[in-house]
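Residue-level structural notes
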Amino acid sequence: MKLSEQFYLGNDVVAISKSLLGKYLFTCIDSVITGGYIVETEAYNGAIDRAAHSYGNRLTPRTKTMFMQGGIAYVYLCYGIHEMFNIVTSVEGHAQAILIRAVHPTEGIEAMQVRRNMPVLKSNITTGPGSVAKALGISRNINAISLQSDTLWLEDRGLSFNDDQITTGPRIGVDYAGEDASLPYRFYVKGDIYVSKPNK
DNA sequence: CATGCGATTCTCT
DNA sequence: GAGAATCGCATGG
């Protein structure tokens, strides 16, 4: 059921980002399984993408995870508060990653509500990259973990979306990236209530 | 070693 | 719709 390692090794991170929509993402943290299917992603394209941490092949203790072989997690802290979960793709030396911005939860919703401190379920429980990581219990101590592990993995359960149901647009929060900020590297399922806005 | 800032979210207005 | 919270990381001296 898990997506094979081969799935993550392709060199076209933009195409992989789009094909991740509808794939299921699960974590098993503290013996609790939580997850759902992915409804929003963004591609970060290695050395030539000014919006990516790896722009210009910048290799630092933080970014080295992006340079590893695809099929692992890249987790980092942003604004001193929020953990962000990415999926590394391509082969070793090609620093490509996909930011998971929203998940449509199906499993372990009660556990997510506890982690998010949200006694009354709202649709923004897994909307936005920081929220996804928090709801799924993802933190930096699982940075670089394999997606073939029993802690964090993806599954194909036969759900897919056609082009009419998918919207493509520029990425969020990357205005500093100059012309690269307008690249159509964001993909989401049109109208899904768990997608961060705008979602039409 | 000092400094500046970010692939954001929440709360209140 | 605006402002605060908050700290690791990258950069330069």
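All of the points below concern the structure found in this document. (Residues numbered from 1 in each chain as written. Chains lettered and ligands numbered in written order. Predicted model: local features only at pLDDT ≥ 70, side-chain atom pairs only at ≥ 80, totals over all residues. Heavy atoms only, no water.)

What about helix H4 (residues 129-136)?
Stated formally: Each residue's exposure class comes from its accessible area (1.4 Å probe, protein chains only) as a fraction of the maximum for that residue type: buried when under 20%, exposed when over 50%, partly exposed otherwise. Each helix is a run of H or I in the DSSP string that is no shorter than four residues. Each strand is a run of E no shorter than two, and both are numbered from the N terminus. Note on definitions: a residue-residue contact is assigned when non-hydrogen atoms from the two residues lie within 4.5 Å.
The element H4 is extensively covered by neighbouring structure, given that seven of its eight residues are classed as buried. Where H4 is concerned, the buried positions are Pro 129, Gly 130, Ser 131, Val 132, Ala 133, Ala 135 and Leu 136. For H4, the secondary structure elements touched by its buried residues are strand E1 (24-29), strand E2 (32-45), strand E4 (82-89), strand E5 (96-107) and helix H3 (109-115). Residue Gly 137 follows H4 closely and has a positive phi angle near 75°.

A closer look at the side chain of Thr 126
Condition: Polar contacts, as counted here, are pairs of nitrogen or oxygen atoms within 3.5 Å of one another; within protein the pair requires one atom able to donate a hydrogen and one able to accept it, and residues that are adjacent in sequence qualify only if both atoms are side-chain atoms.
On the secondary structure map, Thr 126 appears in the loop between H3 and H4. Within the structure, Thr 126 has its side chain in polar contact with the backbone oxygen of Val 103 (distance 2.5 Å). Setting aside residues no more than four positions away along its own chain, Thr 126 makes contact with Arg 101, Ala 102, Val 103, Pro 105, Met 112, Ser 131, Val 132, Ala 135 and Tyr 194.

What about the protein's contact with DNA strand B?
The criterion, for reference: One heavy atom within 4 Å of a molecule or strand is enough for the residue carrying it to be called near that molecule or strand.
His 82, Met 84, Asn 86, Arg 116 and Tyr 176 are the nearest of the 21 residues found near DNA strand B. Atoms of DNA strand B within 4 Å of the protein belong to the sugar or the phosphate in 54% of instances, the rest to bases. At 3.0 Å from a base nitrogen of DNA strand B is found a side-chain nitrogen or oxygen belonging to His 53. One of the backbone N or O atoms of Gly 130 is found 2.9 Å from a phosphate oxygen in DNA strand B. If you list the elements that add at least two residues to the surface near DNA strand B, you get strand E3 (73-78), E4, E5 and H4.

Read these as spatial facts, not as claims about activity.
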